[in-house]
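Per-entry structural report
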Amino acid sequence: VNSNATTIILFGATGDLARRKLYPALYSLYKKKNNFAVIGVARRDYDHEVFRQNVYESLKNHSNPENDAEDFIKRFYYYPLDVKDTKAYDGLKELADQLNDQFDLQGNRMFYLSLAPEFFAPVTLNLKQAGLTTNTGWKRLVIEKPFGRDLESAAELNNSIHEVFEESEIYRIDHYLGKEMVQNIQVIRFANPIFEGIWNNRYISNIQITSSETLGVGERASYYDHTGALMDMIQNHMLQMVALTAMEPPSRFVTEDIRDEKVKVLRSIRPLTDSTVANSVVRGQYTRGTMPNGDVVKGYREEENIKEQSMTDTFVAAKLHIDNFRWAGVPFYIRTGKRMTAKSTEIVVQFKDAPKRPYFNNFNDLQPNLLVIHVQPDEGLSLKLNAKKFSTGGGSIPITMNFSNSNNDDGSSAYERLIQDCIHGDSTNFTRWDEVALSWQFVDYIAEAWKERNIPLDRYEAGTMGPASAHELLAKDGHHWWPLT
Ligand code: BG6
């Protein structure tokens, strides 16, 4: 019996995510001997053959198809569906039953919703109604973000899908949790006593988490203009990285214990108030500017299908406090945005300064120790230290110890890891409902304050690291953002 067998029913099969990430990820999983067939579902009027050619194109553009790609695409079937047409689900069920027998898929079913979020609930209910979820093996729902638009709508959505799936069957995907170096955070922390021993407010001055992008809104205006960076990145990826960086060691390395510890961090984040939102959160929007490669790019409001007066945040920086024994007094600074100087995700742990007097009075170059976790584009770890200047004179020089993972993450491997986890029934690196709820609770307050109060939208030129206010946010505390490396 091959326990890695499943039918994958993929809603949104003609979409961008499927093409760029999911098909290359599935191809790798196929090479690793997972046995699956895929039913691609979307509105377009394709047949199996056209769909297969599209999947093949995706491999050509984003992967490296070899001879086995021919057999791989034969596992792809297409089912055109208007997701609101409840009757049409019967045919989907027939096809799924047929493929289950044909490929010996053990009655297992993965439903992958890569759809506009308003369809998450209706599709789930329709699947049940058509009997698709009373299969003989396991059933699992993989659901893309955004999971709701605020706490209230997220809770509603959650209730709807709970009518069909148990919490343990729901895999809310946050692809940052599939990234190699995000998964490495726990190992770096807990497998190295030299770090874990000083991972607290006695030794750490502040923590900075940046996820910057060079791309603009691109063709996603209709999604992005009513989402913005706060909901698109902070609510999920950024808070997840905060949780992993700040969590206590779990009592056992098992799914629910790890998630419990992440939840405790989210629960300890000091709630913002009317007066603290303005001082702790910066919202920005890019204007026309020149990117480092020389390209002059449009401002956000000039982009296609963006409202001229749009107040959407394309950049957010925030200061968080985690009110527990480990972190009291240590600010966590997070920032993310589009059209910034570089595509980069980094976690910088800045340690407290060594006492300068009386020992190091004339060491002008003394720098704080930094541990940097490089999430992307390079994967690695670096540690910045001070050493004696290599000369007869006195003084110090900063040195860096570097570890670089030569693996080049093409972006689909995060999805590959997560889909493999789902096939294995391991939901550790997916977000549990209480994590989602607490993240919304934090984000809702900011969104509310932005809407209700006169909090400015700070403009920044494309190609920069955000508005001046994002730098002032740290300067007020006597800190500064460490340049990306
Ligand atoms: C997605 C956001 O979740 O993450 C996008 O919707 C963003 O707006 C993307 O571009 C960034 O992911 P990555 O893996 O390229 O850092």
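Just so we're clear, the structure is a prediction, and the values are computed from it rather than from any experiment.

The rules behind these values
- Residues numbered from 1 in each chain as written.
- Predicted model: local features only at pLDDT ≥ 70, side-chain atom pairs only at ≥ 80, totals over all residues.
- Heavy atoms only, no water.
- UniProt positions renumbered as here; feature names shortened; annotations may be inferred.
- Helix = DSSP H or I, 4+ residues; strand = E, 2+ residues; numbered from the N terminus.
- Contact = heavy atoms within 4.5 Å.
- Buried < 20%, exposed > 50% of the residue type's maximum accessible area, 1.4 Å probe, protein only.
- Polar contact = N/O pair within 3.5 Å; in protein donor to acceptor, adjacent residues only side chain to side chain.
- Pairing = 2+ DSSP bridges.
- Axes fitted to C-alpha atoms, helices over the stretch in contact; angles between N-to-C directions.
- Phe/Tyr/Trp six-rings, centres within 6.5 Å; stacked < 30°, edge-to-face > 60°.
- Lys NZ or Arg CZ within 6 Å of the ring centre and 35° of its normal.
- Near = heavy atom within 4 Å.
- Areas by Shrake-Rupley, 256 points an atom, 1.4 Å probe, with all protein chains shown as cover.
- Nonpolar A, V, L, I, M, F, W, Y, C, P; charged D, E, K, R; others polar.

Under the present numbering, the feature "binding site: NADP(+)" (unreviewed entry) in UniProt falls on G12, A13, T14, G15, D16, L17, A18, R19, R43, D82, V83 and K145. Within the secondary structure, R19 is located in helix α1 (residues 16-31). If sequence neighbours within four positions are ignored, R19 has contacts with T14, P24, S58 and H62. Residue R43 is classed as exposed on the basis of its relative accessible area of 68%. With sequence-adjacent residues up to four places away left out, R43 is seen in contact with Y78, P80 and L81.

Another aspect to go through is the environment of R52. Tracing the chain through its elements places R52 in helix α2 (residues 48-62). A relative accessible area of 12% means that R52 is categorised as buried. Distance from R52 to G15, taken between C-alpha atoms, is 14 Å for residues 37 residues apart in sequence. Look past the residues within four positions of R52 in its chain and what remains in contact with it is I73, K74, F76 and Y77. Polar contacts involving the side chain of R52 include one to the main-chain carbonyl oxygen of F76, which spans 2.7 Å.

Turning next to the sheet that holds strand β14 (residues 370-376). Across a sheet, paired strands are connected by hydrogen bonds in the backbone, their directions being either parallel or antiparallel. Spatially, nine strands are ordered β16-β15-β14-β13-β7-β12-β11-β8-β17 in an open sheet, and the strand pairing comes out mixed. Of all the strands in the sheet, just β16 (396-405) and β17 (458-461) have a single pairing partner and so form its edges. Between one strand axis and the next, the sheet turns by 20 degrees as a mean value, whatever way the strands run. Pairing of β14 with strand β15 (residues 379-388) involves five bridges; the strand directions are antiparallel. Looking at the pairing, L371 lines up with L383 of β15. The strands that helix α10 (residues 228-246) touches are β7 (204-212), β11 (315-321), β12 (331-337) and β13 (344-351); relative to β12, the one it contacts most, it runs at about 145 degrees. Of the strands in this sheet, β8 (281-287) and β11 touch helix α14 (residues 433-452), which is tilted by about 65 degrees from β8.

Here the focus is unusual backbone geometry. With glycine set apart, most residues show a phi of negative sign, and most peptide bonds adopt trans. Here the residue pair K145 and P146 is connected by a cis peptide bond, since its omega of 0 degrees sits within 30 degrees of zero. With respect to the element layout, P146 can be found in the loop between β5 (139-143) and α6 (151-162). Geometrically, the link from Q376 to P377 is a cis peptide bond, its omega value of 0 degrees lying close to zero. Non-glycine residue K33 carries a positive phi angle of around 70 degrees. Looking at where K33 falls in the secondary structure, it is placed in the loop between α1 and β2 (35-42). Residue classification places K33 among the exposed residues on the basis of a relative accessible area of 66%. Positioned with a positive phi, Q106 is a non-glycine residue whose angle comes to about 65 degrees.

Next up on the list: the packing of aromatic side chains. Taken as a whole and judged by the stated rule, the model has 20 aromatic pairs. Here F190 and F253 contribute two aromatic rings whose centre-to-centre distance is 6.1 Å and whose plane-to-plane angle is 55 degrees, an arrangement assigned as tilted. Remark: F253 occurs in the loop between α10 and α11 (255-268) and F190 occurs in helix α7 (residues 180-190); sequence separation between them is 63 residues. On the basis of relative accessibility, which here comes to 52%, the residue F253 falls in the exposed class. Site record: aromatic cluster; members linked through ring pairs are Y23, Y27, Y30, F36, Y46, F51, F72, F76 and Y78. Between R172 and the ring centre of F147, over which it is positioned, the NZ or CZ distance is 4.9 Å. It is K179 that lies over the ring of Y176; its NZ or CZ is 4.6 Å from the centre.

Quick look at the sheet that holds β5 now. Within the open sheet, the six strands sit side by side as β3-β2-β1-β4-β5-β6. Their pairing is parallel. In this open sheet, the two strands that pair with only one neighbour each are β3 (76-80) and β6 (170-172). Across the sheet, the mean angle from the axis of one strand to that of its neighbour is 20 degrees, orientation sign disregarded. Pairing of β2 with β3 involves five bridges; the strand directions are parallel. Looking at β3, one finds that G40 is bridged to Y78. Packing against the sheet, α2 makes contact with β2 and β3, and its axis sits at approximately 120 degrees to β3.

The UniProt record marks H237 with the feature "active site" (unreviewed entry), using the residue numbering of this structure. Within the secondary structure, H237 sits in helix α10. With residues near it in sequence (within four places) discarded, H237 still touches K145, D174, H175, Y176 and D232.

Before going further, it helps to spend a moment on the site of the ligand. Around the ligand lies a shell formed by K145, H175, Y176, K179, E213, R220, D232, M233, H237, K338, K343 and Q376. Within the side chain of K343, one N or O atom sits 2.7 Å away from an oxygen atom of the ligand. Here an oxygen atom of the ligand sits 2.7 Å away from a polar atom, N or O, in the side chain of Q376. Within the complex, 83% of the 400 Å² of free accessible area of the ligand lies under protein. Looking at the shell around the ligand element by element, the count peaks at three residues for α10. Classifying every residue of the shell around the ligand gives two nonpolar, three polar and seven charged.

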